[in-house]
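Structural features, examined
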Amino acid sequence: METVIDVRSSGRPERFDRANADGLFGRKRRLQQPLGQYLEGTETPQYLAYNDRSGVVAAQGNNESLTPTDDYRAYLLATNVRVMFVVGDDDGDRTVSLPYEDIVAVRCTSELRTSTLEIVTVDEDHWAFECKGDLTPVREFVDEATQVWTRTLTELDRAESQVEAAVTALDATDFDTAATHITTAQEALDNGRERVEALGEGAAASIEERCQSTQAQIDTCQRRRHVSAGDEYRDTARRAWENRAYERAADAYARAKAEYERALAVPASEPPTEVITDARNAVEAEYTELLSAPVDAAQVAASAARAATEPATQATHWEDALDRYRTAYELDWGRDRRFDGDRASLRQALADIAVKLVDAHREAGRQALREVDDESKQDGSGPACDSAAAHFERAREVATELVPGRREPAADKLAAASEQGVSVETEPKGR
């Protein structure tokens with residue numbers, strides 16, 4: 001029988017399922033347990049070699065040999081996750097397991113009829129296995145598998161370090177940097193998985209627990225980043241709303257909702273789903289309220305103007321109402337979102353308020369003139385004169401811009417008269 005077997009091409013030998021073999025003079029002992037008993041989970045054998053006497057020689061400070069007794073054998077088994085030596089003995093099989101991640105070098109030397117495979121580990125242990133046959137293919141496979149595992153574990157280490165960097169960035173509310181680290185971590189983890197999958201299912205399964213742990217950390221960072229971004233957009237929306245930047249507020253609310261939904265799509269337990277759902281629902285409610293806010297604010301200002309009794313106070317409130325209706329009218333109505341109200345009604349409201357504003361300023365100007373004392377009339381100065389002039393000038397500006405039909409000669413004369421400090425009629429002729 002061959003002493004070096006490529007299990008991938010020749011199939012699984014019976015010794016994986018039977019410890020002993022039938023010989024010419026009876027049953028021959030090979031191991032106490034079948035080789036298959038030493039495989040773990042989905043670990044897959046790739047190469048098998050054996051010797052009857054040499055066993056395994058280990059140089060660990062002092063030379064040590066693990067040699068089979070009587071007619072037992074020593075086996076070298078290269079799987080997709082490790083190299084394993086199994087040496088038969090009456091007192092029980094002895095095993096040595098060398099994961100590829102612990103192997104730093106593998107060499108093969110050949111003589112006339114034998115070859116020796118030497119493996120060096122990170123602890124500088126040297127393991128030598130000799131058999132009658134060519135161990136070169138085994139060396140090539142072990143060397144390639146070692147390189148695959150080295151690159152795989154390097155990628156996993158990189159993924160874990162990037163997760164740590166992402167957590168640090170999130171704690172510092174540096175979300176852009178956190179996003180970069182999260183992306184890099186995911187790429188490194190995916191690269192590691194892809195590399196080891198080349199060695200077969202068993203290889204990937206051996207690191208799956210570590211991969212799942214790292215993936216869970218990545219997902220938590222990703223979910224946390226989306227939630228934090230959603231919170232930031234929500235705060236931006238509220239500030240914009242306070243400043244009556246309604247379109248910017250609407251955009252920010254839309255982005256906040258999108259971030260919360262992205263967070264919910266990430267399979268992580270933190271931050272809790274209930275908290276994210278509540279935040280998303282609150283954003284939706286605030287957004288709905290925002291759509292009516294421009295017209296509502298304008299109507300409140302108009303109501304305040306109607307409730308005022310003093311002309312100057314009325315003028316102030318009508319100015320506020322005019323500004324708020326103008327803001328509502330100038331919103332971008334071409335978007336998918338639709339603020340409450342319509343352009344035609346808003347345009348009519350602007351015209352009506354402009355008339356009331358002109359009238360309020362004129363009345364406030366006339367009232368101010370009535371308060372001018374004789375001395376102020378003579379030199380055309382004083383607070384009352386200045387106030388009257390300002391009211392008449394503002395009335396003229398609004399009328400010119402919004403309601404040209406409200407421009408009156410009488411009003412112009414009032415403005416001019418107030419500037420000169422002379423007596424005028426308190427009631428203009430005509431409207």
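Preceding this section is the structure that the text describes.
Notes on the structure in this doc start here. (Residues numbered from 1 in each chain as written. Predicted model: local features only at pLDDT ≥ 70, side-chain atom pairs only at ≥ 80, totals over all residues. Heavy atoms only, no water.)

Examining the overall build of the protein
The helix and strand tally for the protein stands at 12 helices and 12 strands. Burial statistics for the protein: of 431 residues in total, 44% are counted as buried. Long-range contacts, defined as pairs at least 24 residues apart, comprise 61% of the intrachain contacts of the protein with a sequence gap of at least 6. As displayed, the protein offers around 22,100 Å² of accessible surface, 45% of which is attributable to carbon and sulfur atoms. (Helix = DSSP H or I, 4+ residues; strand = E, 2+ residues; numbered from the N terminus. Buried < 20%, exposed > 50% of the residue type's maximum accessible area, 1.4 Å probe, protein only. Contact = heavy atoms within 4.5 Å. Areas by Shrake-Rupley, 256 points an atom, 1.4 Å probe, with all protein chains shown as cover.)

A closer look at the packing of helix α5 (residues 208-242) against helix α7 (residues 273-307)
Two numbers describe how α5 lies on α7: the axes approach to 11 Å, and their chain directions differ by 20°. The orientation of α5 with respect to α7, classified from their angle, is roughly parallel. Judged by the twist between their axes, the crossing of α5 over α7 is left-handed. Residues Arg223, Val227, Arg234, Arg238 and Trp241 of α5 form the contact with α7, whose participating residues are Thr273, Ile276, Ala279, Ala282, Val283, Glu286, Glu289, Leu290 and Ala293. Within the contact of α5 with α7, the residues separate by chemical class into 8 nonpolar, 1 polar and 5 charged. (Axes fitted to C-alpha atoms, helices over the stretch in contact; angles between N-to-C directions. Parallel < 35°, antiparallel > 145°, perpendicular 65-115°, else oblique. Left-handed = near helix turned anticlockwise from the far one by under 90°. Nonpolar A, V, L, I, M, F, W, Y, C, P; charged D, E, K, R; others polar.)

Quick notes on unusual backbone geometry
Between Glu270 and the following residue, Pro271, the backbone shows a cis peptide bond with an omega angle of -10°. As for its placement among the helices and strands, Pro271 is situated in the loop between α6 (246-265) and α7. If you check the backbone angles, Glu124 has positive phi at about 65° while not being a glycine. With respect to the helices and strands, Glu124 occurs in the loop between β11 (115-121) and β12 (126-131). According to the relative accessible area criterion, Glu124 is exposed, its value standing at 64%. The phi angle at Thr173 is positive, at roughly 55°, despite the residue not being glycine. Turning to its location among the elements, Thr173 is positioned in the loop between α2 (136-171) and α3 (175-197). A relative accessible area of 53% means that Thr173 is categorised as exposed.

Regarding the pairing of strand β7 (residues 74-79)
Burial analysis of β7 places 6 of its 6 residues in the buried class, the great majority of the element. Burial along β7 is two-sided: the face carrying Ala74, Leu76 and Ala78 and the face carrying Tyr75, Leu77 and Thr79 are both buried. Where strand β4 (residues 45-51) meets β7, 6 bridges bridge the pair, whose relative direction is antiparallel. Among the inter-strand pairings, Ala49 is bridged to a residue of β7, identified as Leu76. Where β7 and strand β8 (residues 82-87) come together, 5 bridges link them in antiparallel fashion. If you follow Leu76 over to β8, its bridge partner there is Phe85. Linkage of β7 to β8, two consecutive antiparallel strands, is achieved through a turn of 2 residues. (Pairing = 2+ DSSP bridges.)

Points about the packing of helix α9 (residues 343-370) against helix α11 (residues 383-402)
Direction vectors running N to C along α9 and α11 enclose 160°, while the axes themselves pass 8 Å from each other. Between α9 and α11, the angle is such that the two are roughly antiparallel. Crossing angle aside, the handedness with which α9 passes α11 is left-handed. Contacts between α9 and α11 involve Ala354, Leu357, Val358, His361, Arg362, Ala364, Gly365, Arg366, Ala368 and Leu369 from the first element and Ala384, Ser387, Ala388, His391, Phe392, Arg394, Ala395, Val398, Ala399 and Leu402 from the second. Grouping the amino acids of the contact of α9 with α11 by side-chain chemistry returns 13 nonpolar, 4 polar and 3 charged.

Notes on the sheet that holds strand β9 (residues 94-99)
A sheet is described by the order of its strands in space; here 5 strands give the open sequence β1-β4-β7-β8-β9, paired in antiparallel fashion. Strands at the two margins of the open sheet, each flanked by one partner only, are β1 (4-6) and β9. The average undirected angle you get between the axes of adjacent strands in this sheet is 15°.

As for the layout of surface pockets
Quantified by volume, the largest pocket comes out at close to 260 Å³. Residue lining of the largest pocket: 17 residues in total, with Glu40, Val81, Trp149, Gly202 and Ser206 positioned closest to the centre. Listing elements by their share of the lining of the largest pocket, those giving two or more residues are β9, α2 and α4 (201-206). At 3 residues, α4 tops the list of elements feeding residues into the lining of the largest pocket. By residue class, the composition of the lining of the largest pocket is 7 nonpolar, 5 polar and 5 charged. Mapping the lining of the largest pocket onto the domain boundaries places at least three of its residues in each of domain 1 (4-133) and domain 2 (150-271). (1 Å grid on protein atoms, 1.4 Å probe; cavity = no way out; pocket = protein on both sides within 12 Å on 5 of 7 lines; lining within 4 Å. Points joined across faces, edges and corners; volume = space filled by probe spheres on them. Domains from an automatic or database assignment.)

A short note on the pattern of salt bridges
Counted by the stated rule, this structure contains 20 salt bridges. One salt bridge in this structure joins Asp52 and Arg73, with 2.7 Å as the shortest N-O distance. You can see Asp52 sitting in the loop between β4 and β5 (56-60) and its partner Arg73 sitting in the loop between β6 (62-66) and β7, a full 21 residues away along the chain. The class for Asp52 is partly exposed, based on a relative accessible area of 34%. The class of Arg73 is buried, set by a relative accessible area of 11%. The salt bridge partner of Arg394 is Glu319, with a shortest N-O separation of 2.6 Å. Remark: Glu319 occurs in helix α8 (residues 311-329) and Arg394 occurs in helix α11; sequence separation between them is 75 residues. Judged by its relative accessible area of 21%, Glu319 is partly exposed. The network of salt bridges with common partners includes Asp157, Glu160 and Arg210. (Salt bridge = Lys/Arg side-chain N within 4 Å of Asp/Glu carboxyl O.)

Here we look at the nonpolar core
Within the largest apolar cluster, 51 residues are counted, with the highest numbers of intra-cluster contacts made by Val83, Phe85, Tyr100, Val142 and Trp149. For this core, the element with the highest residue contribution is α2, accounting for 13 residues. Built from parts of two domains, this core gets at least three residues from each of domain 1 (4-133) and domain 2 (150-271). Excluding its chain neighbours within four sequence positions, the residues that come into contact with Phe85 are Val56, Tyr75, Leu76, Arg94, Thr95, Val96, Leu98, Ile119, Trp127 and Phe129. Residues Ala315, Trp318, Tyr325 and Ala354 belong to the second largest nonpolar core, which totals 24 residues. (Core = buried A, V, L, I, M, F, W, Y, C linked by side-chain atoms within 4.5 Å.)

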